[in-house]
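Structure assessment
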2 protein chains.
Amino acid sequence: MIKYSRTTPEAEQQSRILALQQRLEKNDVDGVLILQKVDMFYYSGTAQQGWLYIPVQGEPVLMIFKDFHRAREESGLQQVVCLVSPKEIPQTIAQFGCSIPKNLGLELDVLSVNQYILFQKIFSGSNMIDISLQIRLQRAVKSDYEIDLMRKSSHMADKVAAKVPDLIKEGMTEIEFAGLVEAYARSLGHQGLVRMRMWDNDLFYGHIMAGPGAAVPSCFASPTGGRGVNPSIAQGPGFDLIKRNEPILVDYIFVLDGYISDHTRIFSLGSLPDDLLKAHDAMLEIQDMVKQNAIPGSITGDLYEMMISMAEAKGYKDYFMGAGERRIRFTGHGLGLELDEFPFIAQGQKLALEKGMIIALEPKVVLPGKGVVGIENSLLVTQNSLESLTTFSDEIAIL
Amino acid sequence: MIKYSRTTPEAEQQSRILALQQRLEKNDVDGVLILQKVDMFYYSGTAQQGWLYIPVQGEPVLMIFKDFHRAREESGLQQVVCLVSPKEIPQTIAQFGCSIPKNLGLELDVLSVNQYILFQKIFSGSNMIDISLQIRLQRAVKSDYEIDLMRKSSHMADKVAAKVPDLIKEGMTEIEFAGLVEAYARSLGHQGLVRMRMWDNDLFYGHIMAGPGAAVPSCFASPTGGRGVNPSIAQGPGFDLIKRNEPILVDYIFVLDGYISDHTRIFSLGSLPDDLLKAHDAMLEIQDMVKQNAIPGSITGDLYEMMISMAEAKGYKDYFMGAGERRIRFTGHGLGLELDEFPFIAQGQKLALEKGMIIALEPKVVLPGKGVVGIENSLLVTQNSLESLTTFSDEIAIL
């Protein structure tokens, strides 16, 4: 018997399944086979190894390879069976009264090619439909249960930020300092893994970097990069020393019960040069501008352009969200069970904000040779505003 | 300018490219497009975001989206260009004198379906061939450079094990203890991320669990499971307390410059019951038996059966490598840049050991309600034996 402080409530699971079924109905999809661990957890409450079939109507069938008993305990779904091979899926769902789908939805954005080929054989009479867009659109809008969890996760992120002054010391390496922050986060129940949907992208907690190191660009889709400890990782903290009078970027993610909180704070041992302080204030003003203008219905691409215009007007055209040609073309992103959920506050995005969406808004200035300043908060879209779930002071913390 | 303590030597990269080209020749493949970060790092020395084309003959072309300047510094390859879109790949490789491949190799075991569809359009005249088996077979046999790195990584793993007595205290939660071990590992340069090739499998450092908690099965393909901190993770350390007179499993992975060392040691605060001590000794005997018998040419499936037979003869039939129906059917696995490399010491495997392979051999006994004992070492296949790269004592450390 596994005792967790929290499992997904049965009613929450049922409403998620129903909302997906409505999307299937509209898109002429007869059933979906959920394979990815995160989607499996979202729809079933368990991340055990297996396959979840959700028909357009009726009860889903959760087929578990390992571990069946845990899945039974963790999931509120009623139809849970033990299964050895995916080849048995069609006959298993038939036993539960589901007909073989004419149009079968699969997560083609994340599924591997060899798995796809296998499922084409198993469901040889079905058309394979990419259902990932519908899943991502659904997951972009959070339920009250999810909002509550992300509030708790953000509270933990605030606690980690408040602990930084006790942990940081001049002369430490970035990686040494990062390790202490991570250990503290773990003691609060941080699950460690930060999940991303984007193929083959990985992140370890986030970015802790000191001074100019934070401004080093990397492979990662982020305004900040970092040297990292080696070229196989090539991002995040490395062996640079923490010095006085440099901005120390703490862009570290908390994950509580699967749910992510993403925020960034700048610390400094001693004062910072005026140009960095001024740039930080400019980023806070951009954040405020978005908070004053964004409401349900706001188009995410428009919000992006407003931020870019304001950054340019303030003289940060070439340093906003990165320096150089490959600076990123977004200023915010949705988050939840994954770090890169819908919506994206990005060039050309047509998606409108909806009540219940949660976005990490991150106006940042990257000054090569000097460092990174700016802000990031996890913001909830409410009826008429954006509410920050992270509440640690936005100002630079001079220690 | 990024300064790393180590980048892959140019000669090492060239020999890896040549060895792959020989495999392409034999398998009638005209060229390979490498997309996955780990394979990219293996063949080019950089893990920056981009695409690597390796023709069956001639120089490879490394096309980088982000960050180009870092890729130039990190990679010893000569032909490195900046590229914005994968649509430009055919014309770019043509500019370097490569003809459009009739048979194009792709990593179909890891590539996502939507990427595959994109590349089918970009290379509309080419046959798509799964090249992953050839890549994995090549990577299974380590070069002297890789062996040296894995020796260094194992030395770090030994240092972490030696630090455990300073970090562990009765009454701590598993996760709190794990955080301290992780922080120490980070201070030694641990990169954090442990990479796996198996789709949607993730692991955070490894498994640290106390007493019966280590015997809880999970979704993870491992003899041990663990409660984990929540059902979205459902493996590894959780909130159970560390108590006296219980086996504390420390199966924690070190990763140095991308290269993994995997080993397991058992600690205990005070003495352990005789049945656990006896079971641990039995696992050491099984390890010794394999060390005495395994040489280049040994069939991995045969080694597995020998271990199973010996465990059964010693009375552990139902508890060796897990308890219950879903206990795992392997006793060891290759490792390198990924945790699940070839070869697998597993049921039915026909692959023979070769000089230069490195395997993590992990005979373990899982006793529900009591805990886990046993051993794991990273072993190098030499001319006439298995050499343990991890050297911390195999005995249970009674503290």
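Residues numbered from 1 in each chain as written. Chains lettered and ligands numbered in written order. Predicted model: local features only at pLDDT ≥ 70, side-chain atom pairs only at ≥ 80, totals over all residues. Heavy atoms only, no water.

1. Some points on the relation of the copies chain B and chain A
Superposing chain B onto chain A requires a rotation of 180° together with a translation of 0.0 Å along the rotation axis, leaving an RMSD of 0.0 Å. Such values leave the two copies arranged in the relation of a two-fold axis. The share of interface residues of chain B whose copies in chain A are also at the interface is 100%, consistent with both copies meeting through the same surface. (Least-squares fit on C-alpha atoms with pLDDT ≥ 70 in both. Contact = heavy atoms within 4.5 Å.)

2. Things to note about helix α9 (residues 274-293) of chain A
In this model α9 of chain A runs 29 Å from its N-terminal to its C-terminal C-alpha over 20 residues, within 8% of the 28 Å that 1.5 Å per residue would give. If you check which residues of α9 of chain A are buried, you get L276, A279, H280, A282, M283, L284, I286, Q287, M289 and V290 of chain A. (Helix = DSSP H or I, 4+ residues; strand = E, 2+ residues; numbered from the N terminus. Expected span 1.5 Å × (residues − 1). Buried < 20%, exposed > 50% of the residue type's maximum accessible area, 1.4 Å probe, protein only.)

3. Re the interface of chain B and chain A
Residue-level contacts link 74 residues of chain B with 74 residues of chain A. Roughly 6400 Å² is buried in total at the junction of chain B and chain A, and carbon and sulfur atoms are behind 57% of that figure. Counting the contacts that link chain B with chain A gives four salt bridges. For R195 of chain A, the salt bridge goes to D202 of chain B, with nearest N and O atoms at 3.2 Å. For the side of chain B that touches chain A, the secondary structure elements donating two or more residues are α2 (37-44), β3 (61-66), α3 (68-74), α5 (113-122) and α8 (174-187) of chain B. Counting residues per element, the side of chain B that touches chain A draws most heavily on α8 of chain B, which supplies nine residues. (Buried area = accessible area lost by both parts, 1.4 Å probe. Salt bridge = Lys/Arg side-chain N within 4 Å of Asp/Glu carboxyl O.)

4. Here we look at the environment of H333 of chain B
All names here are of chain B. With respect to the helices and strands, H333 occurs in strand β10 (residues 330-334). Sequence separation between H333 and I345 is 12 residues, and the spatial gap between their C-alpha atoms is 5.8 Å. For H333, the residues in contact, after removing those within four places along its chain, are D262, L339, E341, P343, F344, I345, I358, I359, A360, E362 and E376. In this structure the side chain of H333 is engaged in a polar contact, spanning 3.4 Å, whose partner is the side chain of E362. (Polar contact = N/O pair within 3.5 Å; in protein donor to acceptor, adjacent residues only side chain to side chain.)

5. Regarding the UniProt feature "domain: Creatinase N-terminal" (unreviewed entry) in chain A
The positions UniProt marks with the feature "domain: Creatinase N-terminal" (unreviewed entry) are residues 16-141 of chain A. For residues 16-141 of chain A, the helix share is 41%, the strand share is 22%, and the end-to-end C-alpha distance is 11 Å. (UniProt positions renumbered as here; feature names shortened; annotations may be inferred.)

6. Overview of the sheet that holds strand β15 (residues 377-381) of chain B
Residue and element names in this part refer to chain B. The strand order across the open sheet built from five strands is β11-β10-β12-β15-β16, with neighbouring strands paired in antiparallel fashion. Across the chains shown, the open sheet's two edge strands, defined by having one partner strand only, are β11 (341-346) and β16 (386-388). Sheet twist, expressed as the average angle between the axes of neighbouring strands with direction ignored, equals 30°. Summarising the sheet, β10 and β11 pair through four bridges and their orientation is antiparallel. Residue pairing in the sheet places H333 in a bridge with F344 of β11. With respect to the sheet, helix α6 (residues 132-140) is in contact with β11 and β12 (358-361), its orientation differing from that of β11 by roughly 80°. Packing of helix α9 (residues 274-293) onto the sheet brings it into contact with β12, β15 and β16, and relative to β16 it is tilted by some 135°. (Pairing = 2+ DSSP bridges. Axes fitted to C-alpha atoms, helices over the stretch in contact; angles between N-to-C directions.)

7. Structural notes on the packing of aromatic side chains
Applying the stated criterion to the full structure yields 13 aromatic pairs over all chains. Ring geometry for F342 of chain A and F344 of chain A: centres 6.1 Å apart, planes at 75°, overall edge-to-face. Linked through ring pairs, F204, Y205 and Y252 of chain A together with F204, Y205 and Y252 of chain B together constitute an aromatic cluster. Here the basic side chain of R16 of chain A rests over the ring of Y42 of chain A, its NZ or CZ set 4.3 Å away from the ring centre. (Phe/Tyr/Trp six-rings, centres within 6.5 Å; stacked < 30°, edge-to-face > 60°. Lys NZ or Arg CZ within 6 Å of the ring centre and 35° of its normal.)

8. Considering the sheet that holds strand β1 (residues 31-34) of chain A
All names here are of chain A. If you walk across this open sheet you meet the six strands as β4-β3-β2-β1-β5-β6, and the pairing is mixed. At either end of the open sheet lies a strand with only one pairing partner, and these are β4 (80-82) and β6 (127-130). Neighbour-to-neighbour, the strand axes of the sheet open up by a mean angle of 25°, direction not taken into account. In the sheet, strand β5 (residues 103-106) pairs with β6 via four bridges, with the strands oriented parallel. Its bridge partner lying in β6, N103 is registered against N127.

9. Re the pairing of β10 of chain B
The side chains of a regular strand alternate, residue by residue, between the two faces of the sheet. Along β10 of chain B, five of the five residues are buried, which leaves the element largely enclosed by surrounding structure. Linking β10 of chain B to β11 of chain B, which pair antiparallel, is a turn of six residues.

10. Observations regarding the pairing of strand β8 (residues 248-256) of chain A
Residue and element names in this part refer to chain A. For β8, the buried fraction is high: nine of the nine residues fall into the buried class. Burial along β8 is two-sided: the face carrying I248, V250, Y252, F254 and L256 and the face carrying L249, D251, I253 and V255 are both buried. As defined by bridge partners, strand β7 (residues 206-210) adjoins β8 across five bridges and the pair is classed as antiparallel. Counted as the bridge partner of M209 is L249 from β8. Sheet topology note: the β8/strand β9 (residues 259-268) ladder contains nine bridges and is antiparallel.

11. A short note on helix α8 (residues 174-187) of chain A
The end-to-end C-alpha distance of α8 of chain A, which contains 14 residues, comes to 20 Å, matching closely the 20 Å that a straight helix rising 1.5 Å per residue would cover. With 11 of 14 residues buried, α8 of chain A is to be regarded as a mostly interior element. All of the buried residues along α8 of chain A are E174, I175, F177, A178, G179, V181, E182, A183, Y184, A185 and R186 of chain A. On its buried face, α8 of chain A is in contact with α7 (144-167), β7 and β8 of chain A together with α8 and β8 (248-256) of chain B. G189 of chain A occupies a position one or two residues after α8 of chain A and carries a positive phi of about 100°.

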